[in-house]
Structures are given as C-alpha cells and as structure tokens.
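Coordinate inspection notes
Residues per chain are reported as follows:
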Amino acid sequence: MNEIINFLSSVELFFGLDRNELKLITDNLIREKYDEGAYLFTIGANRNAIYIIRKGDVILTDFDFQGNERKLVIFSQGDFLGEGVLSEESTHSTSARALSELTVYKIPREFFKLNGEITLKFLSNIIRVISRRMQYANSKVSHSAAQYQSGQTRSEHDLLGNMDVPIGAYFGVQTLRAVENFNISGQKLNFYPLLIDALAMVKKGAALANHELGMLDDVVCNAICRACDELLNSKYHFHFVVDMIQGGAGTSTNMNANEVIANRALELMGFNKGDYEHCHPNNHVNLSQSTNDAYPTSVKIALVNSTEKMIPALVNLINAFRIKGHEFKNVIKMGRTQLQDAVPMTLGQEFDAYAATLSEEIERLRQNANLLMEINMGATAIGTGINADPDYPETVLKHLRNITGLDLKLASNLVEATQDTGAFVIFSSAVKRLAIKLSKISNDLRLLSSGPRAGLGEINLPPMQPGSSIMPGKVNPVIPEVVNQVAFKVIGNDLTVTMAAEAGQLELNVMEPVIVQSLFESIDMLINGMNTLNYKCVSGITANEEVCRGYVANSIGLVTALNPILGYEICSDLAKVALRDNRSVYDLVLERNLMTQTELDEVLSPANMLKSKKLRKN
C-alpha cells in the first residue's frame, strides 16, 4: 500500500492531499490491466471513472471530418485521463487505446459523491491542469492535441526565474514565457509546417558544421540531427506553440525550436526532458548561431519551399482556364473596354487570356524567390560573426545546401545581410501581383455571370449555396467573391511587409516576425483561394451561347470592323444613328447602299472579326 500511496503523491491530481486521504483513495482504487490495442474508453461512452496510468502508454484519438482516426497525444506513467467524470452525465469526447500492455488505477464516479472534501481538492488540481492545457490549446484543427497535454510538470529556469513546464512538452521555459507574452494573432508556428521543417534544417546544418569544426561531440551531434530528422518527418510539430507575431525579432521562434530539439535529443540520449546539462538549447542546439541569422535563414528556406508548394495550385488553375478556353473557342461574344461594347471576340479567347496572364506569374514567383537564396548564417548577432568559428559560415553553408537541396549562397557582407529585408519586400510584391490578377479575373467572372435576367449573363457559375435569407431563388457568385477578399488580404499583407521593412533600425530589423507572418499567411490563403476558384468555380463554368451571340448581333461595336472600308467619319455617323434610333448597324449599311450584303457578310463574319488580316490601301 505504501508503494501505491507514494506513487499517487507524485501525480498532480493528488497534490495537496494528506496521507490519510491518499490511503482512503488507495482503498477505493480499482486496478485493471489492458492488452495492447484494447480501449479504456471510446468516444461517446459515459464517463464512469478517472484513470491513472501505472505502467504503459495510452494514445488518445478522435476522428477528423472524413471519419479517419486522428492521433492526438500519448499519455504515460503518472498521467491521468477522464477527469471530466466530475461533471454529471458527461461523455468522452475522445477514445483511449493501450499502446502496450497497460496497468491503470481507476477511481470510480461514486467515490467523489461520497467524499466531498477530497473532491474539492481534486477539482482545484484539475482546474489548474485544464487552465494550463488551454494556454497551449490551438484553434487549428490539425493540431488540437495541445489541449490534451499531460497534467504533470517539470521545473525549468531562465534568467527571470523558475516556471513549471508540462512534463510531456518538448518546449521549455523560454517558449512558455513567449506563449504567455504573445497571445496576438492566434496563428502558431505549427500552422506553417514548412517553417518548422526549415528550422530543423538550419539546426541540423549548424550541428553538422559545429561537429566538423570540433565544437560538438559525436553523441550530441547525432542526437540533435536525429531530433531534427524527426521534425522533418512531421513529428512533434504541435510543440511549436509560439505566436507567429512576437516581439524580440524572432527570438521566441528560435528558442521554441532550440528547446524542442534539445529535449527530444535528450530523450534519444537516454535522459529526461529538461536535463540540459547533457544537451542545452543554447549551448548546443544554438551553438555558433544567433536568432538574427538562424531565424531569417529558416524563413527564407521555408518561403522558397512554400513557393514550390503554391505553384502547383497556380498551374492547376491555369490549366482549368485553358480547358475552358478550348471549350468556348467557338462562342462568339462582344469584347468590352471601359464596360462599353468594343469589338467581337470569342469566350474562348477571354479564358485563354486568363490562363496566359496567370502563366506569367510562375516565372515571376520563382525569380523573386531566388533572391531569398542569399543567407547570413555565421553572422550571429549583427554580422560580425562573434562566437562563431571563422570557418563556420562556409561550413554550415555546405551542409545546408546538402540538406535543403537549394542553391543557397552566403551574403558577401554579413552586416548588411543581417539588417536587410529587401528580399522579403520583392518577394511580397510578386505574391501581391498574383493576388491582383486573381482579383481582376474574379471581378470579370462576377460581371460576366451577372443576372440572370438583368445582367450580362454570358456565363453561368456553378451554384454553390443559396444567396439570400430574404430573396428566394437568388444565387450569388460566392467563390469569386471570396477570392476577391483573399486578394485584399494579400494586398494588405504586402503593405504590412513594406512598413515593417521600412521600420528597421541600425543593425537589425526587429519587425521580421510580422513580415514572416504576413508572407506565410498570404501564401496559404492564395493556395486555398486558387484551389477553391479552380474546383468550385472555373471547372464548372458554362456558356450562354445565345446570349453572347445576341449581344454581338445587336452591338454598335460592329461598326469598328467597317472602319478600314468606310472610314472613320461614316462609321461614326452610323454608330450615332444606330444608337439614337435603336437600329442595327447592319441594316443601316445596306439601307444607305454603302456595301453589298455579300461584302458586309464577309467583313462581319466571325473568322474576319476575331483576328487581324491584311488591309488594302485607301
């Protein structure tokens, strides 16, 4: 019994209970064993006990919106589950499954009904645990596991003092302070996996360089590299919990990475998290670095890779417009300038133009992303290279090129490179240019589909949802509308990047976090916007051929095709009369014997109006 009491006293759920209370609990414990794969409870089942893990591991799961099982977090010895049992008639919102042979202690619901004083102490402990869990809870569904963190803690210290860190967390005290200080955008580092990957690449490259230069021993270097490789395999991402927008020029981001990597490296070396004597976030993971070179280098690598992630969405949208261009190649319609009738064209030509203008952006994006290849690793604090070996910059560059597969280059002047954010400004402008074009195209689609009876009505957008809470039958162009709004956000983010770049002072631009957040948000929104426009709009567009043809037949703009034959003055008069008397240009030409019907039909045939042709001299 003493062994069980001693074990319970180490579990946070029982903090504050005296030995007699712990003995009472021990007398009422139910000891159960589970085979590997067995469920302790499942989603929707009634809560009937609190589970305390004595031996083994338990995985907590739920389901995504497609019904696939989603792994949330793993609980180990000393963790507890099912504390919601204190709420009457509550059911489990997750499932718990044994990952190995498992021994648990259960405290049944009835115990709490009969022991009010102990229950109040339980509630106090549970409230503290839940409050801490919610500090790291994350609104991004794919990382919602944060709210299921272990209830145990470990103590860590920094220059400001000690803090209790959740025992299962791979981040440490400096990350914890950043979480408390920067509840700003709600966008955590783990929203952007490519940024976490890039941080891992930089830290791995630094470890290899330090090892080559004799600064890290084999054991620590290998552990750091293995931890980085695990991050590159998408493990431990939800431990990157710092807000994207933060003070400190990115120090919190850098330390979040340093702490996660150090603590995972410690585990791989056989030590406990927080045992930093053997692998320290600053002394080992951050060796020969500063936030001021590691952070921007990581960001640049991530942005280059994000560009390559964005381009397939752009290519798919371009192809969708090209397919429609071919489908609509014989649909004649009126072109318009200044929203007024111009000259005939085909709907296919209009959609081909959309494909062509977006195609230009592929090369623009890549050209501007190439400017991000210049990095300042080895600059350390301000570019002087203090605390780094003279051979470190070239050595880490070599390893980073191998790790990333990118043609990275070392800046010729590390002092200048550490304070300069010009590459971000140029890259942001390319992203904005794409957004502007997408918004213009979305404007066109809304105009061309306007109606259905009192607008242009030349095309039909696929109906996606009812358009009004008061007007029955109304269907709105919601997909182009949302793409417009994405573009507005991207344009606003570009202004943020501009202002933040301008705000740099002396040897460092401390506003880089908002530059970083703005760029990654813009890229993510554009990817989502382009995919939405493609699959929920463009691919389903149909043409109203009769409407298009009718506009051509009744348009005064036809007179432009007669201008080389009849002259500007005569054509101006024809247009004026046609508009005033609601007559057709075709009829007026024949009525005035300006051309024969055969001549007129030849000039106004689609084949002659839709492309250039040789003109005879007057």
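These numbers come from a predicted model, not from an experiment.

Cut-offs and rules
- Residues numbered from 1 in each chain as written.
- Predicted model: local features only at pLDDT ≥ 70, side-chain atom pairs only at ≥ 80, totals over all residues.
- Heavy atoms only, no water.
- Helix = DSSP H or I, 4+ residues; strand = E, 2+ residues; numbered from the N terminus.
- Rg over C-alpha atoms; globule rule 2.2 N^0.38 Å.
- Contact = heavy atoms within 4.5 Å.
- 1 Å grid on protein atoms, 1.4 Å probe; cavity = no way out; pocket = protein on both sides within 12 Å on 5 of 7 lines; lining within 4 Å.
- Points joined across faces, edges and corners; volume = space filled by probe spheres on them.
- Nonpolar A, V, L, I, M, F, W, Y, C, P; charged D, E, K, R; others polar.
- Patch = residues over 30% accessible without salt bridge, like charges linked within 9 Å, V, L, I, M, F, W, Y side chains within 5 Å.
- Areas by Shrake-Rupley, 256 points an atom, 1.4 Å probe, with all protein chains shown as cover.
- Salt bridge = Lys/Arg side-chain N within 4 Å of Asp/Glu carboxyl O.
- Buried < 20%, exposed > 50% of the residue type's maximum accessible area, 1.4 Å probe, protein only.
- Polar contact = N/O pair within 3.5 Å; in protein donor to acceptor, adjacent residues only side chain to side chain.
- Pairing = 2+ DSSP bridges.
- Axes fitted to C-alpha atoms, helices over the stretch in contact; angles between N-to-C directions.
- Phe/Tyr/Trp six-rings, centres within 6.5 Å; stacked < 30°, edge-to-face > 60°.
- Parallel < 35°, antiparallel > 145°, perpendicular 65-115°, else oblique.
- Left-handed = near helix turned anticlockwise from the far one by under 90°.

We now examine the overall build of the protein. If you tally the helices and strands in the protein, you get 22 helices and 16 strands. For 618 residues, the compact-globule estimate of 2.2 N^0.38 gives 25 Å, and the protein exceeds it by more than 25% at 33 Å. By its C-alpha atoms, the protein is 115 × 65 × 40 Å across when sized along the principal axes. Long-range pairs, those at least 24 residues apart, make up 71% of the contacts in the protein between residues at least 6 apart in sequence.

With that settled, consider empty space enclosed by the protein. The tally for this structure, following the rule as stated, stands at 1 cavity of 30 Å³ or more. What the largest cavity holds in volume is close to 40 Å³. Residue lining of the largest cavity: Pro 296, Lys 300, Asn 376, Ala 417, Thr 418, Asp 420, Phe 424 and Glu 512, and that is the complete set. Residue assignment for the lining of the largest cavity shows that the elements contributing at least two residues are helix H10 (291–327) and helix H13 (414–419). Split by residue class, the lining of the largest cavity holds 3 nonpolar, 2 polar and 3 charged.

This brings us to a nonpolar patch on the surface. A contiguous nonpolar patch, built from Leu 120, Leu 123 and Ile 127 and spanning about 300 Å² of accessible area, is present on the exposed surface. Inspection of the secondary structure assignment puts Leu 123 in helix H4 (residues 116–136).

This part covers the environment of Asp 158. Tracing the sequence through the fold places Asp 158 in strand E9 (residues 153–158). When its relative accessible area of 17% is taken as the criterion, Asp 158 is described as buried. Asp 158 sits 96 residues away from Asp 62 along the chain, and the two C-alpha atoms are 36 Å apart. Among all residues touching Asp 158, those that are not within four sequence positions of it are Val 173, Gln 174 and Arg 177. Separated by 3.0 Å, the side chain of Asp 158 and the backbone nitrogen of Leu 160 make a polar contact. Within polar-contact distance, the side chain of Asp 158 engages the side chain of Arg 177 at 2.6 Å.

Within the fold, Thr 26 resides in helix H2 (residues 19–28). Of the polar contacts made by the side chain of Thr 26, one reaches the backbone oxygen of Leu 22; its length is 2.8 Å. Those residues in contact with Thr 26 that sit more than four places away from it in its chain are Met 1, Ile 4, Ile 5 and Leu 8.

As a further point, take the pattern of salt bridges. Evaluation of the coordinates by the stated rule reveals 30 salt bridges. Between Glu 327 and Lys 324 there is a salt bridge whose closest N-O contact spans 3.0 Å. Taken as a pair, Glu 327 and Lys 324 lie in helix H10 at a separation of 3 residues, close to a single helical turn. Judged by relative accessible area, Glu 327 falls into the partly exposed class, the value being 44%.

With that out of the way, let us pick up the sheet that holds strand E2 (residues 39–41). Strand order in the open sheet formed by 4 strands is E2-E7-E4-E5, with antiparallel pairing between adjacent strands. Looking along the sheet, the strands with just one partner apiece sit at the ends: E2 and strand E5 (69–75). With direction set aside, neighbouring strand axes in the sheet form an average angle of 30°. The pairing of E2 with strand E7 (residues 95–98) spans 2 bridges and is antiparallel. From the neighbouring strand, Tyr 39 faces E7, where its bridge partner is Arg 97.

On to the packing of aromatic side chains. On inspection of all chains with the given rule, the structure shows 10 aromatic pairs. With a centroid separation of 5.7 Å and 85° between ring planes, the pair formed by Phe 111 and Phe 112 is classed as edge-to-face. Ring geometry for Phe 191 versus Tyr 192: centroids 6.4 Å apart, planes at 50°, classification tilted. Neither residue differs from the other here; Phe 191 and Tyr 192 are each classed as buried.

For the rest of this paragraph, the subject is the packing of H10 against helix H14 (residues 422–448). The packing of two helices is summarised by the inter-axis angle and the distance between the axes. Two elements in contact, H10 and H14, have axes separated by 13 Å at closest approach and are oriented at 20°. When the interaxial angle is binned, H10 and H14 end up roughly parallel. H10 and H14 meet at a crossing whose hand is left-handed. Two secondary-structure elements touch here, H10 through Val 299, Lys 300, Leu 303, Thr 307, Met 310, Leu 314, Leu 317 and Phe 321 and H14 through Phe 424, Phe 427, Leu 434, Leu 438 and Ile 441. Residue composition of the contact of H10 with H14, by class: 11 nonpolar, 1 polar and 1 charged.

Quick look at the sheet that holds strand E1 (residues 30–34) now. Ordered in space as E1-E8-E3-E6, the 4 strands form an open sheet in which the pairing is antiparallel. Two strands in the sheet have a free side with no partner beyond their single neighbour: E1 and strand E6 (80–81). Most of the contacts of helix H1 (residues 2–9) go to strand E3 (residues 49–55), to which it runs at about 110°, and overall it touches E3 and strand E8 (102–108).

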